[in-house]
Amino acid sequence: MDGLTQWWHDEVIGAQKGPLLLSFVAFVITFTATRTITRMIRAGRGPFHNVSAGGVHLHHSTPGLILLVAGAFTAVGAVGRPPWAYLAALLVGVGASLVLDEFAMIFHLKDVYWSQEGQLSVNMVTLAAACVGLAVVGVSPANVAGLGDTERWVRGGVATLLVVHLLLVAVTALKGKYPTALVGLFAWPVTWVAAVRLARPTSPWARWFYSPAKMACAATRAKDFDRRWGPVRKRWDDVIGGRPTNG
């Protein structure tokens, strides 16, 4: 309990992460509530139903975009002053969750919410939550009062390693290993290994740097990997986002 209190004082209060923590909590709660409600609507249960305006179905990314823009302008005007900074954080957390939950629809410019393509939204929400959560629980080398020189140097070294780690996460994502990059945000050995292994043949990294022979090798390895782990990933996506209508 003392450690938790110290973390709260140093990393949340001292590092001024209160608004970020509020935004993260609002993001996660909104996504959970949204997916619960949409599943109930899909199953025809409960008092919830789709909302239409003038015969046009109103997707929840619409109010989400409004909240996200309102939160962004509030944050610019607040300049860190409470309670406006916390209001901005709440609006951004809720709005971003509603928008990213329909990211696949925005990306494809068609209603793919319950299709296999719609699982992209779940991946984006998970990635965003992981990044913000990592920022919330991480240590800060600056803006923390009462630190000695040694502790400040240690924190600076940790921050440097974190930057290197995030670069390797980006390399892993560019190699088309999106779930691995997500897991690697928290399990650094996963990312460090994945970053040096072959990319997936459809990834930007493979298109930019691979010869035809290396591309063929990557395709063979990707096929073997998908045969072993593809069903596991599909079950996970179905649990979080709901089973697609088209499979």
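Residues numbered from 1 in each chain as written. Predicted model: local features only at pLDDT ≥ 70, side-chain atom pairs only at ≥ 80, totals over all residues. Heavy atoms only, no water.

### Quick notes on the UniProt feature "transmembrane region" (unreviewed entry) in the chain
- With numbering aligned to this structure, UniProt lists the feature "transmembrane region" (unreviewed entry) at residues 20–37, 58–78, 84–108, 120–141, 153–174 and 181–199.
- Secondary structure within residues 20–37 divides into 100% helix and 0% strand; the distance between the first and last C-alpha atoms comes to 26 Å.
- Helix and strand shares over residues 181–199 are 58% and 0% respectively, and the end C-alpha atoms of the span are 12 Å apart. (UniProt positions renumbered as here; feature names shortened; annotations may be inferred. Helix = DSSP H or I, 4+ residues; strand = E, 2+ residues; numbered from the N terminus.)

### Quick notes on unusual backbone geometry
- Look at the link from Pro82 to Pro83: it is a cis peptide, with omega at 0°.
- Phi is positive for Leu109, which is not a glycine, with a value near 55°.
- Leu109 gets classed as exposed once you look at its relative accessible area, which sits at 74%. (Buried < 20%, exposed > 50% of the residue type's maximum accessible area, 1.4 Å probe, protein only.)

### Let's talk about the packing of helix α3 (residues 61–78) against helix α4 (residues 84–100)
- Their axes nearest at 7 Å, the elements α3 and α4 cross at an angle of 155°. Classified by the interaxial angle, the pair formed by α3 and α4 is roughly antiparallel. When the axes of α3 and α4 are compared, the crossing they make is left-handed. Mapping the contact onto sequence places Ser61, Gly64, Leu65, Leu67, Leu68, Ala70, Gly71, Ala72, Thr74, Ala75 and Ala78 in α3 and Trp84, Ala85, Ala88, Leu91, Val92, Val94, Gly95, Ala96, Leu98 and Val99 in α4.
- Partitioning the contact of α3 with α4 into residue classes produces 16 nonpolar, 5 polar and no charged. (Axes fitted to C-alpha atoms, helices over the stretch in contact; angles between N-to-C directions. Parallel < 35°, antiparallel > 145°, perpendicular 65-115°, else oblique. Left-handed = near helix turned anticlockwise from the far one by under 90°. Contact = heavy atoms within 4.5 Å. Nonpolar A, V, L, I, M, F, W, Y, C, P; charged D, E, K, R; others polar.)

### Some remarks on the packing of helix α2 (residues 18–43) against α4
- At their nearest, the axes of α2 and α4 sit 7 Å apart, and the two run at 35° to each other. For the element pair α2 and α4, the recorded crossing hand is right-handed. Where α2 approaches α4, its residues Gly18, Pro19, Leu22, Ser23, Ala26, Phe27, Thr30, Phe31 and Thr34 are matched on the opposing element by Ala85, Tyr86, Ala89, Leu90, Val92, Gly93, Val94, Ala96, Ser97, Leu98 and Leu100.
- Each residue belonging to the contact of α2 with α4 can be placed in one class, and the counts come to 14 nonpolar, 6 polar and no charged.

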